[in-house]
Every structure is written in structure tokens, then in C-alpha cells.
There are 2 protein chains.
Amino acid sequence: MERVAMKVVTCSAPTNIAVVKYWGKDDVALNTPLNSSVSVTLHQDQLRTTTSVAGSSSLQSTRLWLNGQEQSINKRVATVLREMQQFAARVHGKADQETRQHLHIVSTNSFPTAAGLASSAAGYACLVAALAEFYGLSEAHEEFPGQLSVIARQGSGSACRSLHGGFVCWQKGEQADGRDSIAVQVADDKHWPELCAVVCVVNDAAKDTSSTTGMQTTKATSPLLAYRAQHLVPERVKTMEKAILERDFDTFGTLTMQESNQFHATCLDTTPPIFYLNDISRQIIQLVHCYNAQAGRVQAAYTFDAGPNAVLFVEEQHVQELVALVLHCFPLTSGMPIKSSIAFDRTSPSALLTKLETSSDGERACKMPHFPNSVKMVYVSRVGGGTRVLSADKALVDAVSGEPLPSNNDN
Amino acid sequence: MERVAMKVVTCSAPTNIAVVKYWGKDDVALNTPLNSSVSVTLHQDQLRTTTSVAGSSSLQSTRLWLNGQEQSINKRVATVLREMQQFAARVHGKADQETRQHLHIVSTNSFPTAAGLASSAAGYACLVAALAEFYGLSEAHEEFPGQLSVIARQGSGSACRSLHGGFVCWQKGEQADGRDSIAVQVADDKHWPELCAVVCVVNDAAKDTSSTTGMQTTKATSPLLAYRAQHLVPERVKTMEKAILERDFDTFGTLTMQESNQFHATCLDTTPPIFYLNDISRQIIQLVHCYNAQAGRVQAAYTFDAGPNAVLFVEEQHVQELVALVLHCFPLTSGMPIKSSIAFDRTSPSALLTKLETSSDGERACKMPHFPNSVKMVYVSRVGGGTRVLSADKALVDAVSGEPLPSNNDN
């Protein structure tokens with residue numbers, strides 16, 4: 001029997017790093033946030049999710065593969081599928097044949113899953129983008145502005161921010177049904193070309209509290225979270241957006257660090273307390289403050305999400321020395337794997353080290369940390385664009401059989 | 001030439017552990033706090049400061065020895081000396097001969113100075129108590145109630161709480177001159193005889209930020225601290241006092257842990273952030289939550305001050321198993337030094353361990369930590385009394401020569 005090629009679309013999506021943090025849901029069912037947040041979209045050259053969607057009336061059921069392993073369709077994926085199909089039915093007038101087809105969804109990350117690199121934001125953004133492409137839907141649809149944002153948000157809150165490139169604000173919104181709780185671009189990926197992000201993957205034995213359960217516990221038990229969300233974040237969002245528009249690294253970096261610290265402070269104020277930073281995270285924080293102290297200005301800024309990995313923001317002219325400093329303080333005995341769009345020499349930053357060791361961060365004399373094998377991977381990334389539609393040759397699924405293609409892992 | 005024995009008085013003072021935390025000064029010169037705090041006075045059998053004051057017109061200058069080393073008179077000691085002399089002059093009508101004499105002050109701690117056991121509270125309380133005895137002054141003086149508290153506070157804020165035994169509230173006060181910012185006993189040291197404190201001294205390489213500079217930085221930069229001090233602590237003080245009066249361990253323990261965590265949260269919200277907890281502190285915190293989870297109630301409570309050492313509150317019937325658990329998880333290869341008023345057997349708590357390993361703290365399955373040589377000393381203490389006047393044979397100074405006695409270190 002001759003088999004007909006099925007419809008296959010493939011998209012990729014970036015990760016994003018919040019610089020004004022989201023922690024705590026306003027409405028659990030709608031997945032709306034207690035406060036607005038602001039993020040930077042990282043370039044897909046280093047960190048990305050790729051997802052193919054294949055559909056055909058010949059498929060027997062909807063199935064999902066992540067990084068080569070078939071997964072059951074969890075509740076959040078099911079919600080995204082249902083919402084996208086309903087959206088398609090509304091846009092196209094009524095449920096057509098396509099929206100009733102079963103799908104095969106195949107997704108891979110360009111980075112190790114266990115690294116704690118917030119794959120859910122890129123993953124759900126990519127799923128929404130691929131389904132939108134499959135069903136012929138657009139985020140900019142006149143009648144339903146922000147609908148893709150609303151659906152991505154229901155997969156994973158921060159996923160709505162990964163739909164866009166550049167700098168993005170996820171607005172808390174005012175409507176009871178959450179329809180205006182959507183991600184809006186503050187500036188595109190060409191706006192601040194010098195800005196780089198150095199992602200330091202920290203070795204960590206402990207299993208972290210999942211962000212879903214963590215933020216529920218914090219909301220239920222931390223009096224500081226409610227105060228922060230209501231009284232501090234609205235002003236901080238304005239300050240951050242202005243700093244981004246003005247490419248004001250000093251304000252951007254200072255507030256990024258304060259936001260990271262205040263988010264982790266509310267985790268610590270939780271009962272029982274939640275710890276995402278470990279002693280290596282703390283060493284990186286103190287190293288950045290010392291680095292800024294010797295420079296006499298904010299030249300690098302750290303931020304940490306729900307795990308010990310650091311993301312360091314730095315402008316291009318300082319990337320080389322900052323990465324050299326990280327490699328010096330946290331050497332990997334087998335040689336540090338770096339994935340970077342910028343070339344590095346790996347010489348020791350001796351002049352910088354001398355300067356650092358005679359500095360103080362205002363409180364303490366700077367003492368260079370030395371913790372071999374505690375940072376296991378470094379990614380250096382620029383600000384990048386939003387979700388992309390890829391060509392057919394990038395498909396992760398066989399258009400005839402509907403099965404995942406064998407080599408569908410691109411990390 | 002025949003030499004006449006000079007007047008020598010000797011006092012001892014306890015340490016205290018705050019269960020509602022003090023962090024941040026309202027008025028730096030007066031050393032008044034941003035909020036009231038509540039503490040437990042620990043028994044002097046384990047942790048105490050002893051101070052002798054000798055005075056004579058034959059002494060050439062006022063001198064100070066701490067733990068066998070002569071020290072210069074710092075600003076805070078000078079303030080306490082001046083204020084005590086002015087108080088004596090007011091009480092006794094005018095400056096008599098005694099208040100113009102030079103003094104030799106000799107002080108020792110019963111614990112290693114470098115252990116980070118908040119020696120300043122006991123130290124300044126003991127200095128004030130010894131000077132009060134020397135000048136014949138009393139805290140209960142009718143005309144000047146709380147005057148010793150006011151003076152001790154100017155040496156070190158928490159020192160005023162160490163003047164009293166039992167459970168103590170240091171009231172923020174209302175007066176501009178700080179005269180009502182004094183320590184008041186909530187309940188005496190006989191009130192809750194079952195309550196014990198297990199002090200775990202944690203090995204730490206890093207030098208911590210001093211609490212004096214730390215609290216100034218937090219006040220200047222943390223928006224969460226101001227909110228906490230104004231809006232959260234007043235209610236927490238009331239709840240804590242009630243829990244103490246009712247010997248309600250569940251409320252006492254829950255709030256003690258929340259207070260510790262919220263204090264450290266404000267340290268993390270500081271720019272640059274201040275870290276006092278390290279990975280071992282975090283392991284102890286999670287161990288206590290697991291211990292409580294297997295018990296199905298709050299049976300132990302941790303609190304941490306400006307360093308990584310843990311103080312664990314527990315009622316007497318559970319001291320044995322809690323200490324055994326700490327020794328099991330944090331063994332000292334050379335054998336753990338314990339200073340305790342309670343006898344221990346050092347058998348492994350195997351039944352408890354089995355129960356723990358099948359528990360969860362609500363979030364995570366309990367996994368027993370194993371970090372040899374990370375807790376270097378354990379003190380087990382009951383609630384104790386306030387400052388004491390000691391007999392002449394306990395003097396640390398030679399009444400004839402005015403020199404420190406050779407063996408004046410009692411740890």
C-alpha cells in the first residue's frame with residue numbers, strides 16, 4: 001500500500017531569563033501571575049527547543065516524544081492542545097478536519113535536560129508555535145490579539161515570554177478571565193547588540209523543589225511575597241523597562257541582581273524554606289560583586305532562577321575577561337566545555353586577578369574562590385529572536401511513517 | 001612598700017538567642033532597634049562570660065583584657081564606662097572618689113572566641129553587671145528603672161537581653177532619647193524547665209559580615225526589612241510572648257523558624273547580599289523539617305544568627321534523639337565534643353532513622369545528610385538565669401597587683 005506524506009511543521013523556540021522575577025500564581029487554573037515580570041530572550045544558537053508536529057487522519061492517537069523518549073500527555077500539554085484546537089476552530093469558522101486529526105509531537109532540547117536550564121519555557125513556547133503554524137494561526141491575529149500568549153502561559157507561565165525575541169514583559173493583566181495576562185515585547189533582539197549572557201551550569205547533587213509546588217508554598221506562607229508582588233514589583237517593572245530602552249547597564253544590572261536576591265529571599269521566607277542557591281551560587285554572587293568593585297561600576301550582573309545555575313549579564317567588551325575569571329575560579333579538570341558565539345582565548349586573566357585581590361566589595365576584602373569541577377558547562381549567548389518556523393529538512397519526525405527520526409537530539 | 005588590696009568585683013553573664021530577631025538600628029547613636037525582639041537566655045553552665053573589675057587610685061590607666069589578651073578600649077566599651085560612671089555619680093549624689101578611679105577589666109568566655117557564638121551580648125551584659133556591682137547600682141533603682149538596660153544596649157544591642165534570665169523582650173520603645181528601649185523579662189528561667197537548646201557549632205571557612213555593618217547595609221538597601229520591622233514583627237512579638245507564657249512548643253517552634261528564615265531573607269535582600277547560612281546550615285534546616293515531619297508535629301526548631309551555627313530548641317524528652325541524629329548526620333571523626341548538662345548515650349538512633357527515611361517534609365522525600373567534620377562542637381543547654389555576682393575566689397584579677405590572673409580562661 002502506498003503511503004501519503006503527512007503534514008509536518010517544525011519550529012524552534014528560545015529560552016528566556018527573567019530580570020524582574022515571576023514567583024507565585026494569582027489564579028492557579030488560569031496560570032496568571034501575582035505580578036508582572038520582565039525577561040531577556042537568549043539566542044537560539046546556544047539554547048533552544050525544536051519541535052515538529054505531524055498530523056494525519058491515519059494516526060491512531062496523539063503521542064509525544066521528548067529528547068527521544070515517548071512521554072505520556074500530561075495535563076498541561078493536554079490543555080495547550082485543546083486550547084489551540086479550539087482557537088483554530090474559532091479562527092477558521094468551525095472545527096475542520098485538520099483540528100480533529102491526531103498528532104505526533106517530537107521535541108528536543110539543545111542542552112542536557114537535567115541541567116536545570118528552565119526547559120519548560122522554551123518547550124511550551126515551541127509547542128504553541130508549532131501548533132500555530134500547523135493550524136495556520138498567528139499571534140498578531142486581529143480578532144484574538146495575544147491568544148497564543150494566553151495559551152502558552154497555560155502550559156508554563158514563563159513560556160509566553162519565549163514567544164518573543166529581545167526584551168519581553170509578561171503583564172499581570174486586569175481581566176478576571178486572564179485574557180490580558182500576556183507577553184509583550186519591550187524591545188527587539190537588535191536593540192542592545194552588546195548585551196551578552198553567560199550561563200554557568202552549576203553542579204548540584206540536591207533535587208530542587210519544583211517551581212510549581214515551590215511558588216504555591218511561598219504564596220501560602222511568605223508574608224514578604226505578597227508585599228513584594230503588590231508594592232515593589234510594579235515600580236521595578238517600570239524601572240527595568242526604562243533601563244532596557246536606554247541601554248543603561250548600571251540600572252539594568254543593579255536591578256537584575258536585586259530582583260534575583262529578592263526572589264530567593266521570598267523562597268527563604270517560605271515555610272518550610274526553599275533553597276535554590278548553594279555555596280557555589282553564593283561564591284559566584286560574591287565574585288560578581290568583587291568584579292564590579294574593582295571596575296568601580298556595575299559591569300556584570302547575576303541572576304538565578306529555581307536552581308543553582310547562574311546567568312551573568314555583561315556587555316560584549318567584558319565577556320572575555322568575565323568568562324576567563326569564571327574559568328579561573330571554577331576550573332573543570334577535564335577542560336571546560338563552552339558553547340559560545342564569541343571566540344575565547346583561555347589564558348588566565350592575571351592583571352584582572354591582581355586588581356581583584358586588592359579590592360573589596362564594600363564589606364569584605366575580595367578573596368578569589370577556587371572550586372574545581374563545580375561549574376560544569378558555560379554557554380555564552382547574545383540576545384536572540386523569538387520562535388521560528390524551520391524548513392522541512394529540520395523535521396524531527398518522518399513525514400511518511402509519523403515516527404520520530406532516529407537522530408533527533410541536537411545538543 | 002606594703003600594698004593594699006584593691007576593690008575587686010566579679011560577675012558572670014549568659015548568652016541569649018533571639019527567637020524574634022533584631023536586625024537594623026532605628027538610631028545608630030542611641031543603638032535603638034527598628035523593632036522589638038524576644039530572646040531565650042541560655043544557661044551559664046555551658047556558655048558564659050566572666051568579668052572582673054578592679055579599681056584603685058593607684059592604677060595609672062583603665063585597661064582591658066579579653067581571653068588573656070590586652071585590648072585597646074574601643075568606642076563602645078568607652079561609652080559603657082562613661083555612662084556607668086555618670087549613672088553612679090547621679091545615684092550617689094555627685095562624682096565620688098570611686099567613679100574617678102581607673103579600672104582594670106578582665107574578661108573571659110567559656111567558649112572559643114572564633115566560634116561565632118555571639119560573645120558580644122554576654123560580654124557587654126557582663127561588663128555592665130560588673131560595673132553596676134562595683135559602683136553599687138541596681139537595675140531596679142526606683143528613680144532610674146531600666147538604666148542598666150539602656151547602657152548595656154549602647155555596648156551591644158542584644159546585650160540588654162542578657163541582663164535577665166528566662167525569656168526576655170527588648171522593647172523598641174517610643175521615646176526619642178531611647179530611655180524606654182529596654183529589656184523586660186517575659187518569664188523567668190523556671191517557667192519552662194523542659195525547654196532545651198542544642199547549639200551546633202558549624203565549621204565555616206568564610207569570614208562573616210559583622211552584624212554592625214551588615215544591619216546598616218540591610219537597612220539602607222532592603223525594602224523587605226522596613227516592611228518586616230513595621231508591619232510583621234509587632235504581631236509576631238505578641239504571638240511569641242503568648243506561646244512562651246503558655247509553653248506552646250508548636251507555636252514557639254514554628255515562629256522561631258519563620259523568624260530565623262525571614263531575618264536571613266532580609267539579609268539576602270540586601271545589596272550586596274549578605275549570606276550567613278551555608279550548605280551545612282541548610283542541611284540542618286532540612287533535617288529539622290524532616291524530623292518534625294516524621295513526628296507529625298513541631299518537635300524541634302532551628303534558629304540562626306549572623307553566622308552558620310544552628311541553635312535547635314527541643315523539649316527535654318526529645319533531646320537525646322535529636323542530638324543522636326545530629327551526631328549521626330554530622331559525625332566528627334575524632335569524636336564529637338559535647339558540653340551538656342544532660343547525659344547522653346552515643347548509640348545510633350536506628351529506629352528514628354528508619355522512620356525518617358520513609359518520611360517527606362511535605363515537598364521532598366527525606367534523605368539523611370552525611371557530612372563528616374562539618375559540625376565541630378555541640379552544647380546542650382537549658383534556659384538559664386541572668387547576670388550573677390560571683391564570690392571573690394572566682395576573680396580574674398589579682399587584688400593586690402591589679403594584673404590579670406594567669407589562668408583566667410575557663411573554656
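Look up: the structure comes first, before these words.
Given the structure is predicted, the values throughout are model-derived calculations rather than measurements. (Residues numbered from 1 in each chain as written. Chains lettered and ligands numbered in written order. Predicted model: local features only at pLDDT ≥ 70, side-chain atom pairs only at ≥ 80, totals over all residues. Heavy atoms only, no water.)

**Quick notes on the nonpolar core**
Next, step 1: One finds F252, L312 and F313 of chain A together with F252, L312 and F313 of chain B to be the most contacted residues of the largest nonpolar core, which totals 150 residues.
Next, step 2: Ignoring sequence-local partners within four residues, the contact set of F252 of chain B consists of V19, V40, W192, L195, M240, A243, I244 and F313 of chain B. (Core = buried A, V, L, I, M, F, W, Y, C linked by side-chain atoms within 4.5 Å. Buried < 20%, exposed > 50% of the residue type's maximum accessible area, 1.4 Å probe, protein only. Contact = heavy atoms within 4.5 Å.)

**Brief notes about the packing of aromatic side chains**
Next, step 1: In total, this model carries 25 aromatic pairs over all chains according to the counting rule given.
Next, step 2: Between Y227 of chain A and Y227 of chain B the ring centres are 3.8 Å apart and the planes differ by 10°, which places this aromatic pair in the stacked class. Highlighted residues: Y227 of chain A in helix α6 (residues 223–245) and Y227 of chain B in helix α6 (residues 223–245), drawn from two different chains.
Next, step 3: Given a relative accessible area of 18%, Y227 of chain A falls into the buried group.
Next, step 4: Ring geometry for F249 of chain A and F252 of chain A: centres 6.0 Å apart, planes at 50°, overall tilted. Residue F249 of chain A and its partner F252 of chain A are located together in helix α7 (residues 249–268), separated by three residues, close to a single helical turn.
Next, step 5: For F249 of chain A, a relative accessible area of 3% corresponds to the buried category.
Next, step 6: Residue classification places F252 of chain A among the buried residues on the basis of a relative accessible area of 0%.
Next, step 7: Every member of this aromatic cluster is reached through a ring pair, and the members are F167, W192, F249, F252 and F313 of chain A.
Next, step 8: For the cation-ring pair, K7 of chain A lies above F134 of chain A, with the distance from its terminal atom to the ring centre recorded as 4.8 Å. (Phe/Tyr/Trp six-rings, centres within 6.5 Å; stacked < 30°, edge-to-face > 60°. Helix = DSSP H or I, 4+ residues; strand = E, 2+ residues; numbered from the N terminus. Lys NZ or Arg CZ within 6 Å of the ring centre and 35° of its normal.)

**Describing the relation of the copies chain B and chain A**
Next, step 1: With an RMSD of 0.0 Å, the fit of chain B onto chain A corresponds to turning through 180° and sliding 0.0 Å along the axis. Here the transformation between the copies is reduced to the relation of a two-fold axis. Judged by C-alpha distance, A265 of chain B is the residue of chain B that lies nearest the rotation axis, at 2.1 Å.
Next, step 2: Of the interface residues in chain B, 97% have counterparts in chain A that sit at the interface too, so the contact is made through matching surfaces. (Least-squares fit on C-alpha atoms with pLDDT ≥ 70 in both.)

**A closer look at the sheet that holds strand β1 (residues 7–14) of chain B**
All names here are of chain B.
Next, step 1: Strand order in the open sheet formed by six strands is β8-β7-β9-β6-β1-β17, and the pairing between neighbours is mixed. The sheet is open, and its two edges are formed by β8 (69–71) and β17 (388–390), each paired on a single side. Adjacent strand axes in the sheet meet at a mean angle of 25°, parallel and antiparallel pairs treated alike.
Next, step 2: Here β1 runs beside β17; their pairing, made up of three bridges, is antiparallel. By the bridge assignment for β17, C11 is matched with V389. (Pairing = 2+ DSSP bridges. Axes fitted to C-alpha atoms, helices over the stretch in contact; angles between N-to-C directions.)

**Details of the environment of L356 of chain A**
Residue and element names in this part refer to chain A.
Next, step 1: Summarising the element assignment, L356 is placed in helix α10 (residues 350–357).
Next, step 2: Measuring from C-alpha to C-alpha, the distance between L356 and L287 comes to 9.2 Å, with 69 residues separating the pair along the chain.
Next, step 3: Apart from residues no more than four positions distant in its own chain, L356 is found in contact with C290, Y291, Q294, L325, C366 and M368.

**What about the interface of chain B and chain A?**
Next, step 1: Across the contact, 34 residues belong to chain B and 33 residues belong to chain A.
Next, step 2: For the pair chain B and chain A, the two sides together bury roughly 3,000 Å², of which 60% comes from carbon and sulfur.
Next, step 3: Inspection of the region where chain B meets chain A yields zero salt bridges.
Next, step 4: Applying the counting rule to chain B against chain A returns seven residue pairs in polar contact (both at pLDDT 80 or more).
Next, step 5: The set of elements that each furnish at least two residues to the side of chain B that touches chain A consists of α5 (211–221), α6, α7 (249–268) and α8 (279–295) of chain B.
Next, step 6: Classifying every residue of the side of chain B that touches chain A gives 13 nonpolar, 13 polar and eight charged. (Buried area = accessible area lost by both parts, 1.4 Å probe. Salt bridge = Lys/Arg side-chain N within 4 Å of Asp/Glu carboxyl O. Polar contact = N/O pair within 3.5 Å; in protein donor to acceptor, adjacent residues only side chain to side chain. Nonpolar A, V, L, I, M, F, W, Y, C, P; charged D, E, K, R; others polar.)

**Topic: the packing of α6 of chain B against α7 of chain B**
Residue and element names in this part refer to chain B.
Next, step 1: Close contact between α6 and α7 brings their axes to 10 Å; oriented N to C, the two are set at 165°. As summarised for this structure, α6 and α7 are arranged roughly antiparallel, according to the angle between their axes. Crossing of α6 over α7 shows left-handed handedness. The residues of α7 that touch α6, namely those facing L224, L225, R228, L232, R236, T239, M240, A243 and I244, are T251, F252, L255, T256, Q258, E259, Q262 and T266.
Next, step 2: In terms of residue class, the contact of α6 with α7 is made up of eight nonpolar, six polar and three charged. (Parallel < 35°, antiparallel > 145°, perpendicular 65-115°, else oblique. Left-handed = near helix turned anticlockwise from the far one by under 90°.)

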